Amino acid sequence: MFELTGFQRDLLYVIAGAERPSGQEIKEMISKDVGEVNHGRLYPNLDALVEQGYVNKGQHDRRTNFYEMSEKGRESIVERRDWEDRHVGFLG
């Protein structure tokens, strides 16, 4: 997961915490935390996560795609959390 940008990692966490969110739902959720995110930033980063195998993309209907964590994405979050705990576990 170290090859991802911070924004891409944030997108992974948002997707992991939702059930098959659409791109618009992801945009709304992440914008609450990081400020307004435009389509030109969101969708290329979602596409990169799909291309790298962290996220699966499907269709709700003809106009709306959904995103869900792949096995690689889930495993990467667990490994990242373990790595974070080793380095900052003393804070909690």
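Everything discussed here concerns the structure shown above.
Residues numbered from 1 in each chain as written. Predicted model: local features only at pLDDT ≥ 70, side-chain atom pairs only at ≥ 80, totals over all residues. Heavy atoms only, no water.

**Q** How would you sum up the packing of aromatic side chains? Please name residues and give values.
**A** For the structure on display, the rule yields one aromatic pair. Judged by centre distance (5.1 Å) and plane angle (80°), the ring pair of Phe2 and Trp83 falls under edge-to-face. Of this pair, Phe2 sits in the segment before α1 (6-16) while Trp83 sits in helix α4 (residues 71-88), placing them 81 residues apart in sequence. Of the residues examined, Phe2 reaches a relative accessible area of 57% and is grouped as exposed. Sitting above the plane of the Phe7 ring, Arg41 keeps its charged end 3.8 Å from the centroid. The aromatic ring of Tyr54 is capped on one face by Lys72, whose charged end is 4.4 Å from the ring centroid. (Phe/Tyr/Trp six-rings, centres within 6.5 Å; stacked < 30°, edge-to-face > 60°. Helix = DSSP H or I, 4+ residues; strand = E, 2+ residues; numbered from the N terminus. Buried < 20%, exposed > 50% of the residue type's maximum accessible area, 1.4 Å probe, protein only. Lys NZ or Arg CZ within 6 Å of the ring centre and 35° of its normal.)

**Q** Give me the lowdown on the nonpolar core, citing residues and values where you can.
**A** Ranked by internal contacts, the top residues of the largest apolar core, which has 18 residues, are Leu11, Leu12, Ile15, Ile26, Leu46, Leu49 and Val55. Counting only elements with at least two residues in this core, the list comes to α1, α2 (23-34), α3 (39-51) and β2 (65-69). Looking at this core element by element, the count peaks at five residues for α1. Residues within four places of Leu49 in sequence aside, it is in contact with Leu4, Gln8, Leu11, Leu12, Tyr54 and Val55. (Core = buried A, V, L, I, M, F, W, Y, C linked by side-chain atoms within 4.5 Å. Contact = heavy atoms within 4.5 Å.)

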